[in-house]
Amino acid sequence: MFVGLLALTAAALFTGAAFYINFAEQPARLTLDDRALLAQWKPAYKRGYSMQATLAIVGFLLGLLAWWLTGRIAFVIGGVLMAANWPWTVFGIMPTNRTLMATDLSDAAANTRALLTKWNGLHAVRTVLGSLAVVFFLVALRRA
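Residues numbered from 1 in each chain as written. Predicted model: local features only at pLDDT ≥ 70, side-chain atom pairs only at ≥ 80, totals over all residues. Heavy atoms only, no water.

Novice: Can you help me understand the overall build of the chain in this one?
Specialist: A tally of regular secondary structure across the chain gives 5 helices and 0 strands. Counting from the amino terminus, helix and strand elements in the chain follow one another as α-α-α-α-α. Looking at the chain as a whole, 43% of its 144 residues qualify as buried. For the chain, the accessible surface area stands at approximately 7,500 Å², while carbon and sulfur atoms represent 71% of it. For the chain, the centre of its 12 positive side-chain charges and the centre of its 5 negative side-chain charges are spaced 18 Å apart. (Helix = DSSP H or I, 4+ residues; strand = E, 2+ residues; numbered from the N terminus. Buried < 20%, exposed > 50% of the residue type's maximum accessible area, 1.4 Å probe, protein only. Areas by Shrake-Rupley, 256 points an atom, 1.4 Å probe, with all protein chains shown as cover. Lys, Arg positive; Asp, Glu negative; His and termini not counted. Charge placed at Lys NZ, Arg CZ, Asp CG, Glu CD.)

Novice: I'm lost on the packing of aromatic side chains in this one. Help?
Specialist: Two numbers describe a pair of aromatic rings. These are the distance of the centres and the angle of the planes. Inspection of the entire model under this criterion finds 5 aromatic pairs. Measuring from centroid to centroid gives 5.8 Å for Trp41 and Trp119, while their planes differ by 80 degrees, and the two rings are edge-to-face. Here Trp41 is found in helix H2 (residues 34-70), whereas its partner Trp119 is found in helix H5 (residues 110-142), with 78 residues between them in sequence. The two residues Trp41 and Trp119 agree in class, both being buried. For the pair Phe75 and Phe137, a centre-to-centre distance of 6.2 Å together with 40 degrees between the ring planes defines the contact as tilted. Of this pair, Phe75 sits in helix H3 (residues 73-83) while Phe137 sits in helix H5; the two residues are 62 residues apart in sequence, bridging distant segments of the chain. Classification of Phe75 as buried rests on a relative accessible area of 0%. The class for Phe137 is buried, based on a relative accessible area of 0%. Members of the aromatic cluster, connected to one another through ring pairs, are Trp41, Tyr45, Tyr49 and Trp119. (Phe/Tyr/Trp six-rings, centres within 6.5 Å; stacked < 30°, edge-to-face > 60°.)

Novice: Can you walk me through the environment of Met82 in this structure?
Specialist: Tracing the backbone shows Met82 in helix H3. Beyond its immediate stretch of four places on either side in the chain, Met82 contacts Ala10, Ala11, Phe14, Leu55, Ala56, Gly59, Phe60, Gly130, Ala133 and Phe137. (Contact = heavy atoms within 4.5 Å.)

Novice: What is the right way to look at H2 in this model?
Specialist: A turn of α-helix holds 3.6 residues, and therefore any two residues three or four places apart point the same way. If you check H2, its first and last C-alpha atoms are 51 Å apart, about what 37 residues at 1.5 Å a residue would give, namely 54 Å. Structurally, the start of H2 carries an N-cap: the backbone nitrogen of Arg35 is 3.1 Å from a side-chain oxygen of Asp33. Among the residues trailing H2, Gly71 stands out with phi positive, at a value near 80 degrees. (Expected span 1.5 Å × (residues − 1). Polar contact = N/O pair within 3.5 Å; in protein donor to acceptor, adjacent residues only side chain to side chain.)

And the structure:
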């Protein structure tokens, strides 16, 4: 089932990127001083947002198409899990993102670091949603 494999690929790429951010990039970034921490986070966030937003949409649409073609409910569940990243980002993460983006580098301080530590925890939800989508896509493909 080619479409299902494409859905799995989108979900795995999304999850891999989210996992990397949580467990490699963000911890390394937290070793920087407050100003450098924020200076590094801002452009990284902008680039990561575009990539992960696209993968979430693609994973969702491919999951729905795979479900439509096969009738396997695990595909639609995986697709919905990928789509769930959008409302989580808008309502769960975006308020923190906006505060961080509005912070001038010269104003970066301990509260900025605290927000970025909080942001990492919020972002971990994206890693979990992507991981669950991968599991459901694998289950759907196993039945092929």
